[in-house]
Amino acid sequence: MNILYIMFDQLRFDYLSCAGHPHLHTPHIDGLAAKGVRFTRAYVQSPTCGSSRMSSYTGRYPSSHGVQFNSYPLRVGEWTMGDHLRKTGMGCHLIGKTHMVADAEGMQRLGLAPDSVIGVRQSECGFDPWVRDDGLWAEGPDGFYDQKRSPYNDYLRQQGYPGGNPWNDFANAGAEDGDIASGWFMVNADKPANIAEADSETPWLTSRAMDFIEQAEGPWCAHLSYIKPHWPYIVPAPYHDLYGPEHVLPAVRSAAEREDAHPVFKGMMNNRIGQAFSRDEVRQKVIPAYMGLIKQADDQMGRLFAWLEETGRMRDTMIVITSDHGDYLGDHWLGEKNLFHEPSIKVPLIIYDPRSLADATRGTVCDELVEAIDLLPTFLEAAGGEPAPHILEGRSLMPFLRGETPDWRGYAVAEFDYSTMPLCSSLGLEPRDARLFMIADKRWKFMHAEGGMRPMLFDLENDPDELVDLAARQTHQEVIDLMYGRLLDWGLRMSQRITLSDQQIKARRGKSGRRGILLGVYEAEEVEPELTAKCRGPVPQ
């Protein structure tokens, strides 16, 4: 069996029709859900791209793999999806984005050539790249945000788009009176991107995935990782005007949230992004474009799934659809992500397994607490590999696909490091203290902030919109104590002893005596003769 691991960037859990969105219809993604299992409580381990993705690719929490924010290098030697799956004989390939930053210093220290096979895999988060494009080819006075070569820009130039950065000038910009109407300016979000729809990013990556699958010799895992619906919020025709202000759902927020707000929450509400998305005109421009990007993505899923059916690959390929985090879109007076409310930290997750073992669960919904780090153990089991719980902190979801009811986790965990944000200095914190932790169960969501600040607490049962911070009212201390106890238990987990499994450790017990280590022995007769044979006898002449 093969694995097609599809990740959209910044796709909210509730912006699919199968998740209940009243205006945005996504029949192709819904169709996959009808063939598989849709998980309704899937949490990522960080609400920012790079950190969340590294957790998905390693099966480990951010505090374990060390990538706490974007542009933090993943240390050389960290076990990745590719390392685990190749042990089973399955290739692991990349089509699209990872937000991976290589540990160049570590590679140099170990003498790993960047252009060697192992060097490429260390630089590409363990994947063999079919095409790597992180899709953010922004350019400012200090140069490009991404210093690598853009395969997508190369493609656009081959298609005849002029200039040094057609990603910026065409794919993510409209045109007005002959001038660039940049997608960076949200006022332009309702304009069509100045590019043929077939040449835009989402169809381009879909085509590259089909190119890969057509030539692939299995078994393979292909990570098809789209940049959209991540900003810039602009979409080509005909998707630019499918939706309008009448399709924009009311913002989930209240004036009371601004009263006695947690310092971190207050800082994020008052930054440029939060202030922008608190304006109705911004939401009415951005959200229809965001919906258009999702509609285009769903249509590309229809194109891809139809091709997989035609080629017979739908019968031998597990397909996963998920996201790396969500998008506030003005909910809670916030834009972007970077905090732990549901629109940011919860993601869609659909798993389709073509094998008969999953027949009993087709079209079902699972509401257990699932974490993004569960995907790698799931893939490893699906590929026939041996479990590696001493390395992987997630748990395989295969029991749910088989219709079983395993003993499951009671809470989910996420982390966020905001030390590179101006908020850190405005709160007077050192980088080591600019850290947040989330503990969420089916009833409560709790946030701890380092730096001596109070926590946050929400009752998801009676306040599903997370509008009332109970910790600000100094109530529910027993729940707060429970959550701190869980945070302590989680913090005490064994997370760094990854070179030996429990089985290997057990196998070593008591073996040193047979290798001449005789601790606590007073006289030779106290132990078996064979253990002391090398310690007795005449002195060699």
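Please refer to the structure placed before this passage.
Everything quoted here is computed from the prediction, not taken from an experiment. (Residues numbered from 1 in each chain as written. Predicted model: local features only at pLDDT ≥ 70, side-chain atom pairs only at ≥ 80, totals over all residues. Heavy atoms only, no water.)

### Here's the deal with the packing of helix α1 (residues 27-35) against helix α12 (residues 280-311)
- Viewed as axis vectors pointing N to C, α1 and α12 meet at an angle of 55°, and their least axial separation amounts to 7 Å. Compared by their axis directions, α1 and α12 come out oblique. Between α1 and α12, the contacting residues are Pro27, His28, Ile29, Leu32 and Lys35 on the first element and Lys295, Asp298, Asp299, Met301, Gly302, Phe305 and Glu309 on the second.
- Taken together, the residues that form the contact of α1 with α12 break down as five nonpolar, two polar and five charged. (Axes fitted to C-alpha atoms, helices over the stretch in contact; angles between N-to-C directions. Helix = DSSP H or I, 4+ residues; strand = E, 2+ residues; numbered from the N terminus. Parallel < 35°, antiparallel > 145°, perpendicular 65-115°, else oblique. Contact = heavy atoms within 4.5 Å. Nonpolar A, V, L, I, M, F, W, Y, C, P; charged D, E, K, R; others polar.)

### Details of the packing of helix α9 (residues 201-215) against α12
- In contact at an axis separation of 10 Å, α9 and α12 are set at 20° when each is read in the N-to-C sense. With respect to α12, the element α9 is oriented roughly parallel. Along this stretch, α9 crosses α12, giving a crossing that reads as right-handed. Of the residues in α12, those touching α9 at Thr202, Pro203, Thr206, Ser207, Met210, Ile213 and Glu214 are Gln296, Ala297, Gln300, Arg303, Leu304, Trp307 and Leu308.
- Residues of the contact of α9 with α12, tallied by class, amount to seven nonpolar, five polar and two charged. (Left-handed = near helix turned anticlockwise from the far one by under 90°.)

### Focus: the layout of surface pockets
- Each pocket or cavity is described by its volume, and for the largest pocket that value is around 1200 Å³.
- Taken together, 39 residues line the largest pocket, and the ones lying closest to its centre are Trp184, Trp231, Ile273, Glu336 and Asn338.
- Among the secondary structure elements, those contributing two or more residues to the lining of the largest pocket are β5 (139-140), β6 (143-144), α10 (263-269), α11 (272-277) and α16 (422-426).
- Examining the composition of the lining of the largest pocket, we find that four residues originate from one element, α11, more than from any other.
- Among the residues forming the lining of the largest pocket, the class breakdown is 22 nonpolar, 13 polar and four charged.
- Taken as a whole, the second largest pocket holds about 610 Å³ of empty space.
- Lining the second largest pocket we find 26 residues, and of these Pro387, Ala388, Pro389, His390 and Ile391 sit closest to its centre.
- When residues in the lining of the second largest pocket are grouped by element, the largest group, three residues, is from helix α18 (residues 502-508).
- Across the lining of the second largest pocket, the residue classes tally to ten nonpolar, nine polar and seven charged. (1 Å grid on protein atoms, 1.4 Å probe; cavity = no way out; pocket = protein on both sides within 12 Å on 5 of 7 lines; lining within 4 Å. Points joined across faces, edges and corners; volume = space filled by probe spheres on them.)

### Section: empty space enclosed by the protein
- Tallying each qualifying case throughout the model produces five cavities of 30 Å³ or more.
- By volume, the largest cavity amounts to about 60 Å³.
- Leu339, Phe340, His341, Lys445, Phe446, Met447, Met456, Phe458 and Glu466 are the residues that line the largest cavity.
- Taken together, the elements giving at least two residues each to the lining of the largest cavity come down to β18 (444-449) and β19 (456-459).
- When residues in the lining of the largest cavity are grouped by element, the largest group, three residues, is from β18.
- Broken down by class, the residue content of the lining of the largest cavity amounts to six nonpolar, one polar and two charged.

### Looking at the sheet that holds strand β16 (residues 412-417)
- Spatially, four strands are ordered β16-β17-β18-β19 in an open sheet, and the strand pairing comes out antiparallel. Looking at which strands have only one partner, the edges of the open sheet turn out to be β16 and β19. Going from strand to strand, the sheet's axes swing by 15° on average, the running direction of each strand aside.
- As defined by bridge partners, β18 adjoins β19 across four bridges and the pair is classed as antiparallel. Looking at β19, one finds that Lys445 is bridged to Phe458. (Pairing = 2+ DSSP bridges.)

### Overview of a nonpolar patch on the surface
- A cluster of nonpolar side chains, namely Trp184, Phe185 and Val187, defines an oily patch on the protein surface of about 320 Å² accessible area.
- Along the chain, Trp184 turns up in the loop between β8 (179-182) and β9 (192-193).
- Classification of Trp184 by relative accessible area gives partly exposed; the value is 36%. (Patch = residues over 30% accessible without salt bridge, like charges linked within 9 Å, V, L, I, M, F, W, Y side chains within 5 Å. Areas by Shrake-Rupley, 256 points an atom, 1.4 Å probe, with all protein chains shown as cover. Salt bridge = Lys/Arg side-chain N within 4 Å of Asp/Glu carboxyl O. Buried < 20%, exposed > 50% of the residue type's maximum accessible area, 1.4 Å probe, protein only.)

### Regarding the pairing of strand β10 (residues 220-229)
- In terms of burial, β10 is a largely internal element, ten of the ten residues being buried.
- The pairing of strand β1 (residues 2-9) with β10 spans six bridges and is parallel. Directly across from Met7, in β10, lies its bridge partner Ser225.
- The pairing of strand β3 (residues 91-96) with β10 spans six bridges and is parallel. Across the sheet, the residue bridging to Gly96 is Ser225, located in β10.

### A word on the pairing of strand β13 (residues 346-352)
- In terms of residue burial, β13 counts as a mostly covered element, since seven of its seven residues are buried.
- With four bridges connecting them, strand β12 (residues 317-323) and β13 associate as antiparallel partners. Across the sheet, residue Thr322 finds its bridge partner in β13, namely Leu349.

### What to know about unusual backbone geometry
- Between Trp231 and the following residue, Pro232, the backbone shows a cis peptide bond with an omega angle of 0°.
- Relative to the helices and strands, Pro232 resides in the loop between β10 and β11 (235-236).
- The omega torsion across Ala237 and Pro238 is 5°, close enough to zero to call that bond cis.
- In this structure, Pro238 sits in the loop between β11 and α10.

It is worth stressing that arrangement in space is one thing and function is another; only the former is reported here.
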